[in-house]
Amino acid sequence: IRATLFHNKVDNWTYWNPARNYRVENSQQVLMKGVEFDLNLKTNYKTALISTAINYTLANSTQQKEFGAYTQDILGKQIIYVPRHIINNTISIAHKNLKYTIQQGYNSTRYITFDHSGKAFPPYYLLNASINYQLNLTKNVTNFSLNCQNMTNTLYPNVKKNAMPMRTIALSIIYQFKHNKI
């Protein structure tokens with residue numbers, strides 16, 4: 001179990017503003033404060049290793065200084081694209097050369113305008129899964145992996161005008177040559 005408190009005051013916080021064709025802009029000063037909790041558990045059940053990791057972040061990231069005329073109304077408000085709440089969970093079961101993994105993630109509402117007047121990005125939930133198999137051949141190793149990202153086919157943007165991929169499936173095979181050093 002781990003808990004972390006953070007309090008960071010950043011001068012000259014820059015960001016890529018999608019409302020202005022991704023031009024770099026300066027937010028003068030941003031205060032980021034919050035807490036992170038991590039819980040990691042592992043146990044053996046017969047010949048399997050079962051593990052889980054749960055992470056929660058509460059982040060209050062706010063504009064602290066005016067950076068131009070008419071910016072008084074954004075002071076103290078959550079900065080754009082930064083969710084206040086993030087929760088992640090990973091569960092893995094490993095048995096011999098086979099490993100199953102499920103990942104879940106939740107992000108709360110994210111604002112897309114500094115004064116919070118625009119329609120915010122809604123909260124979203126993601127579900128990912130993978131199956132991995134390791135084949136050991138003499139000195140060399142082959143890893144087979146089947147991954148499915150965004151299993152719920154959730155439509156969610158990470159910044160304005162940029163939606164993230166819907167469901168994706170990937171199969172990978174990695175062959176590792178091992179040799180003895182002379």
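Everything discussed here concerns the structure shown above.
Analysis parameters
Residue indices begin from 1 for each chain and proceed along its sequence in written order. Selection of residues for local features in this predicted model requires a pLDDT of at least 70, selection of side-chain atom pairs for listing and counting requires 80 or more, and totals for whole chains, interfaces and linings are taken over all residues. For the side-chain quantities, the full set of heavy atoms in the structure was used; hydrogens and water were omitted. A run of H or I in DSSP becomes a helix once it reaches four residues, and a run of E becomes a strand once it reaches two; helices and strands are each numbered from the N terminus. Residue exposure (1.4 Å probe, protein chains only): buried if accessible area is under 20% of the type maximum, exposed if over 50%, otherwise partly exposed. What counts as a salt bridge is simple: a side-chain nitrogen of Lys or Arg found within 4 Å of a carboxyl oxygen of Asp or Glu. Following DSSP output, two strands are said to pair if at least two bridges run between them. Between N-to-C directions, angles cover 0 to 180 degrees, with each direction set by a line fitted to C-alpha atoms, over the stretch in contact for helices. Surface patches are defined over residues having more than 30% relative accessible area and no salt bridge, joining like charges when they lie within 9 Å and nonpolar side chains (Val, Leu, Ile, Met, Phe, Trp, Tyr) when within 5 Å. Per-residue and other accessible areas were derived by the Shrake-Rupley procedure at a 1.4 Å probe size, with only the shown protein chains allowed to occlude residues. Any N or O atom pair separated by 3.5 Å or less is treated as a polar contact, with the protein-specific requirement of one donor-capable and one acceptor-capable atom, and with residues adjacent in sequence counted only for side-chain atom pairs. What makes two residues a contact is simply this: any of their non-hydrogen atoms within 4.5 Å. Any pair of Phe, Tyr and Trp rings, taking the six-membered ring for Trp, is counted once the centres come within 6.5 Å. Such a pair is stacked with planes under 30 degrees apart, edge-to-face with planes over 60 apart, and tilted for the rest.

Draft legend 1. Region of the structure containing unusual backbone geometry. Residue Lys46 is not a glycine yet carries a positive backbone phi of 55°. Turning to its location among the elements, Lys46 is positioned in the loop between strand E4 (29–45) and strand E5 (48–63). Its relative accessible area of 73% is what places Lys46 among the exposed residues. The phi torsion at Asn153 lies on the positive side, around 55°, for a residue other than glycine. Turning to its location among the elements, Asn153 is positioned in the loop between strand E9 (140–149) and strand E10 (157–159). Looking at Asn153, the relative accessible area reads 31%, which means it is partly exposed.

Draft legend 2. Geometry of the pattern of salt bridges. Under the counting rule described, the total for this entry stands at one salt bridge. Note that Asp38 and Arg2 form a salt bridge whose closest N and O atoms lie 2.6 Å from each other. Of this pair, Asp38 sits in strand E4 while Arg2 sits in strand E1 (residues 2–11); the two residues are 36 residues apart in sequence, bridging distant segments of the chain. With relative accessibility at 9%, the residue Asp38 sits in the buried group.

Draft legend 3. Region of the structure containing the sheet that holds strand E6 (residues 85–95). Taking strand neighbours across the sheet as the criterion, the eight strands line up as E1-E4-E5-E6-E7-E8-E9-E12 in an open arrangement whose pairing is antiparallel. Where the open sheet ends on each side, the last strands, each with one partner, are E1 and strand E12 (168–176). Sheet twist, expressed as the average angle between the axes of neighbouring strands with direction ignored, equals 15°. Alignment of E5 against E6, held across eleven bridges, turns out to be antiparallel. Opposite Ile54, over in E6, you have Asn89 as the bridge partner.

Draft legend 4. Structural detail: a nonpolar patch on the surface. Taken together, the side chains of Ile93, Tyr100, Ile131, Leu146, Ile169, Leu171 and Ile173 define a hydrophobic patch exposed on the protein surface, amounting to about 700 Å² of accessible area. For Ile131, the position within the fold is in strand E8 (residues 124–137).

Draft legend 5. Region of the structure containing the side chain of Ser145. Tracing the sequence through the fold places Ser145 in strand E9. Assessed through its relative accessible area of 10%, Ser145 is described here as buried. A distance of 2.7 Å separates the side chain of Ser145 from the side chain of Asn132, its partner in a polar contact. Not counting residues within four places of it along the chain, the set of residues in contact with Ser145 comprises Ile131, Asn132, Ala170, Leu171 and Ser172.

Draft legend 6. Just the packing of aromatic side chains, in detail. Per the counting criterion, the structure on display carries three aromatic pairs. Plain terms: the ring middles of Tyr124 and Tyr156 are 4.3 Å apart, the flat faces sit at 20° to each other, and that makes the pair stacked. Residue Tyr124 is found in strand E8, and its partner Tyr156 is found in the loop between E9 and E10; the two are separated by 32 residues along the sequence. We classify Tyr156 as buried; its relative accessible area is 11%. Look at Tyr175 and Phe177: their rings are 4.7 Å apart centre to centre, the planes differ by 80°, and that puts the pair in the edge-to-face class. Take Phe177: its relative accessible area is 67%, and that puts it in the exposed class.

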